[in-house]
Amino acid sequence: MQIVQKPYMNMLSDDKYKDYKFIWFFNDVNKYQFLAKNRNTEVVLNKSKIFTKYMQTAKYWVFNYKIADYIKPKKEQVFLQCWHGTPLKRLGCDLIHFDNQLNTPEEMKKRYKIEAEKFSYFISPSKYCTETFTSAWNLKEIGKENIIIEKGYPRNDFLFNYTEEDVKNFKTRILGENITDKKIILYAPTYRANQHTSGVGYVYKEEVDFEKMREKLGQDYIILFRPHYFIANVFDFEKYKGFVYNAADVDDINDLYIISDILITDYSSVFFDYANLKRPMIFYMYDLEHYRDESNGFYFDVESTLPGNIVKTDDELIDEILRVTKEFTYDEKYKKFNETFNYLDDGHASKRVIEEVIK
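Okay, so let's go over this structure. Note that the structure is a prediction, hence the values are computed from the model and not measured.

What follows deals with the overall build of the chain. Within the chain, the secondary structure is distributed over 15 helices and 14 strands. In terms of C-alpha radius of gyration, the chain reaches 21 Å, essentially the compact-globule figure of 21 Å for 359 residues. Taken over the C-alpha atoms alone, the chain extends approximately 60 × 45 × 45 Å along its principal axes. A burial count over the chain gives 51% of its 359 residues as buried. Partitioning the contacts of the chain with sequence separation of at least 6, the portion at a separation of at least 24 is 66%.

Okay, here's the thing in structure tokens:
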């Protein structure tokens, strides 16, 4: 199981860190007990008493999301924020318009400031990200613009180091007895905050006509659907059994990347990471105008920058899948995209980040 972060694996294999203890926090500790077999590693229930103890005593904190406002590091503790991807959608203090049902813009910006005060380091994979994270968390205002580690994304090291055996194993684990020679499409749309309805909870409107796709593509393709886990709980996978597979519970999305022939997404940051594989991508942006002009807004113009075509209807999507299967090339636009956003990703970012943080 490729759940573990690359910096952790690098430290495990390096005798320089043989006396370090590693604590993993999970909501489901039973699922991840395999990690406890590793050297000096303990698996702990999230938000338990032992969790609180380790948060109070650990020298280093490593997170890739915002933690609760009331949790604050001591002066001698080191907080490394990895975040969870290169942003297309505006974040925090950069928001212009906002349709999140759970927070107002003012509440969101306040939370980002509270969080930024805690950071010791913040990982960045590019100059673009450095500028964006600095702006989104308003790091200059609080005198923390120098905490950025612009060394590449450790999360993407695996995309340069995986083996064909990894591909075979992941296909077997994810597809089971249904392992096939059909083309594999990874469909990973972004989480939409407006999919939460007050008094109802999370709902999913099928913007993709999976029935039509099965009719047109079912003989030669299968789909790994990676919805947000909130949405996965309300989607009827049984209805499309044998064509659409539930990929929501695969812990490490890298596993899905390396076995997929095509990525379909919209505004999710997954396309930045997937671009390292130089494989075809399709951007199904049926609500582009709304998302750009009324929702979060973007940091750059998608139509001139994205390394793949934008489609807005089911028919266009099906046609584009068939086209890229036959005609895809790693063209100059795609190369320019990687030269802008992924030029530091090379399979060795973990080592560089560790050496910067742990001195």
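From this point, things continue past the structure.
We now examine the sheet that holds strand β6 (residues 148–150). Overall, parallel pairing links the 4 strands, which are arranged β3-β4-β5-β6 in an open sheet. Both edges of this open sheet fall to β3 (60–63) and β6, since each of them pairs with a single strand only. Strand-to-strand twist across the sheet, computed as the mean angle between neighbouring axes with direction ignored, equals 20°. In the sheet, strand β4 (residues 78–81) pairs with strand β5 (residues 121–124) via 2 bridges, with the strands oriented parallel. Note that in β5 the partner of Leu80 across the bridge is Tyr121.

This paragraph deals with the environment of Ile253. In this structure, Ile253 sits in helix α9 (residues 253–259). Taking relative accessible area as the criterion, Ile253 reaches 13% and is therefore assigned buried.

Core analysis: the biggest nonpolar cluster contains 89 residues, and Trp137, Leu224, Phe271 and Phe300 have the highest contact counts within it. In terms of residue count, the dominant contributor to this core is α9 (5 residues). Those residues in contact with Phe271 that sit more than four places away from it in its chain are Leu88, Leu263, Thr265, Asp266, Met281, Phe283, Leu306 and Phe337.

The rules behind these values
- Residues numbered from 1 in each chain as written.
- Predicted model: local features only at pLDDT ≥ 70, side-chain atom pairs only at ≥ 80, totals over all residues.
- Heavy atoms only, no water.
- Helix = DSSP H or I, 4+ residues; strand = E, 2+ residues; numbered from the N terminus.
- Rg over C-alpha atoms; globule rule 2.2 N^0.38 Å.
- Buried < 20%, exposed > 50% of the residue type's maximum accessible area, 1.4 Å probe, protein only.
- Contact = heavy atoms within 4.5 Å.
- Pairing = 2+ DSSP bridges.
- Axes fitted to C-alpha atoms, helices over the stretch in contact; angles between N-to-C directions.
- Core = buried A, V, L, I, M, F, W, Y, C linked by side-chain atoms within 4.5 Å.

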